[in-house]
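Below, each chain spelled out in residue letters.
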Amino acid sequence: MINMTHMSQLGVRMPKETFTKLKPLKKKKLMDAMTKELSVHTFEHLSIANIVRDAGIPRGSFYQYFEDKEDLYLYYFKYIAEIKNDYFKNIFTNETMTFFERIENLFKQGLFFKKTFPELVEVAKKMYESQYYKDLLIKGGWENKVSETYQMWIEQDQKLGIIRETINSRMLSELINEMTSRISLDSFIYEKYDENVWEQKLEEMLDILKKGILNHV
C-alpha cells in the first residue's frame, strides 16, 4: 500500500480545512463509504454519488471536503496506512529483530491483518486492477522504497555478522522483495493458496534464503 508520507512528491492536494474540522465519527462514515465503494470498483469507476449516499452526506458537502475524487482517494490511503501502521510498527521499530525475523513477522502480521480487515483485502484487489494505482506506484517509486528498507535491514545484519558480508545487499533486497511480493499477491489478492499452503511457502522460502542451495563441504 502507498506510503502517504511521500504523497506531497506527487503534487496532490490534500483535504480542505472543512474536512479536517469534522468530528471523527463523520470522517469515519465517509471512510467506511469509501471502503464499500472501492471494494467493488477501481479508482477509474469510483462513484462520488455512491459514496455520499452511503456516508449520508449531501453531494455539495463532498466538495467542501475534497476538490475531487482523486483527493479523496489519496486521503483514503493515508487513513488506511495509519491503520496498517498500528499492526506493523513494532516490526520496523524493534532494534533487536533480525532481518529474517522481520520478514517472517511481516507475513504473519499480514495474515492477521487480512483476518481482521477482510473488507480491506477486497479493496486491495481492486487497487491491483487499477491503472491509476499502478501509475502512482511507478511515479512514487514505491517498489524501490520497499527494497531500500530490506537493504537497510540486511546491512544491519551484515554488520552484526548474521548475514555474509560479501553478499550484495541491494541484489538480495530486490530478490526477496520480488519473492515476498509474489507470495503475498498470490495469497491475499488472487487467493491461489489457503492459509496452510501460504505458511508452508513462507517457511520454504526462508529456509532456502537462510541455508542456500549448495551442499556445504
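Parameters and conventions
- Residues numbered from 1 in each chain as written.
- Predicted model: local features only at pLDDT ≥ 70, side-chain atom pairs only at ≥ 80, totals over all residues.
- Heavy atoms only, no water.
- Axes fitted to C-alpha atoms, helices over the stretch in contact; angles between N-to-C directions.
- Helix = DSSP H or I, 4+ residues; strand = E, 2+ residues; numbered from the N terminus.
- Parallel < 35°, antiparallel > 145°, perpendicular 65-115°, else oblique.
- Contact = heavy atoms within 4.5 Å.
- Nonpolar A, V, L, I, M, F, W, Y, C, P; charged D, E, K, R; others polar.
- Core = buried A, V, L, I, M, F, W, Y, C linked by side-chain atoms within 4.5 Å.
- Buried < 20%, exposed > 50% of the residue type's maximum accessible area, 1.4 Å probe, protein only.
- Salt bridge = Lys/Arg side-chain N within 4 Å of Asp/Glu carboxyl O.
- Phe/Tyr/Trp six-rings, centres within 6.5 Å; stacked < 30°, edge-to-face > 60°.
- Arc of directions from axis to C-beta.
- Polar contact = N/O pair within 3.5 Å; in protein donor to acceptor, adjacent residues only side chain to side chain.

(A) Focus on the packing of helix H10 (residues 169-189) against helix H11 (residues 195-211). Across the interface, H10 lies against H11 with an axial gap of 11 Å and an inter-helix angle of 170°. Put simply, H10 runs roughly antiparallel to H11. Residue-level contacts link Ile176, Met179, Thr180, Ile183, Ser187 and Phe188 of H10 to Trp198, Lys201, Met205 and Leu209 of H11. Broken down by class, the residue content of the contact of H10 with H11 amounts to 7 nonpolar, 2 polar and 1 charged.

(B) Broad picture of the nonpolar core. Counting residues in each nonpolar core, the largest one holds 59 residues, and the members touching the most others are Leu30, Tyr73, Tyr76, Phe99 and Ile103. Here this core gets 11 residues from one element, more than from any other, and that element is helix H5 (residues 69-93). Here Tyr76 is in contact with Met31, Met34, Thr35, Leu38, Leu120 and Val123, once residues within four sequence places are set aside.

(C) Layout of the environment of Lys210. Along the chain, Lys210 falls in helix H11. Taking the relative accessible area as the measure of exposure, Lys210 reaches 52% and is therefore exposed. Through-space distance from the C-alpha of Lys210 to that of Ala124 is 30 Å; in sequence the pair is 86 residues apart.

(D) Local environment of the pattern of salt bridges. All chains considered together, the criterion is met by 10 salt bridges. The shortest N-O distance in the salt bridge between Glu17 and Lys21 comes to 3.1 Å. A single burial state applies to Glu17 and to Lys21, both of which are exposed. Residues Arg170 and Glu174 are paired through a salt bridge, measuring 3.0 Å at the closest nitrogen-oxygen approach. Of this pair, Arg170 and Glu174 both sit in helix H10, 4 residues apart, which is roughly one turn of the helix. Members of the salt-bridge network, linked through shared partners, are Lys36, Arg53 and Asp54.

(E) Broad picture of the packing of helix H2 (residues 24-38) against H5. For the pair H2 and H5, interaxial distance at closest approach is 11 Å and the crossing angle is 105°. With respect to each other, H2 and H5 are oriented roughly perpendicular. Packed against H2, whose contacting residues are Lys28, Leu30, Met31, Asp32, Met34, Thr35 and Leu38, the element H5 presents Leu72, Tyr73, Tyr75, Tyr76 and Tyr79 at the interface. Grouping the amino acids of the contact of H2 with H5 by side-chain chemistry returns 9 nonpolar, 1 polar and 2 charged.

(F) Layout of the packing of aromatic side chains. What the rule picks out here adds up to 24 aromatic pairs. Measuring from centroid to centroid gives 5.5 Å for Tyr87 and Phe113, while their planes differ by 90°, and the two rings are edge-to-face. Of this pair, Tyr87 sits in helix H5 while Phe113 sits in helix H6 (residues 99-116), and the two are 26 residues apart along the sequence. We classify Phe113 as buried; its relative accessible area is 9%.

(G) Just helix H8 (residues 131-140), in detail. Among the residues of H8, those classed as buried are Tyr132, Tyr133, Leu136, Leu137 and Gly140. Projected down its long axis, H8 shows its buried positions confined to an angular sector of 145°, all on one face. Exposed and facing more than 90 degrees away from the buried side of H8 are Ile138 and Lys139. At the N-terminal boundary of H8, the capping side chain belongs to Ser130, with an oxygen 3.3 Å from the backbone nitrogen of Tyr132. Just beyond H8, the residue with positive phi is Gly141, at close to 65°.

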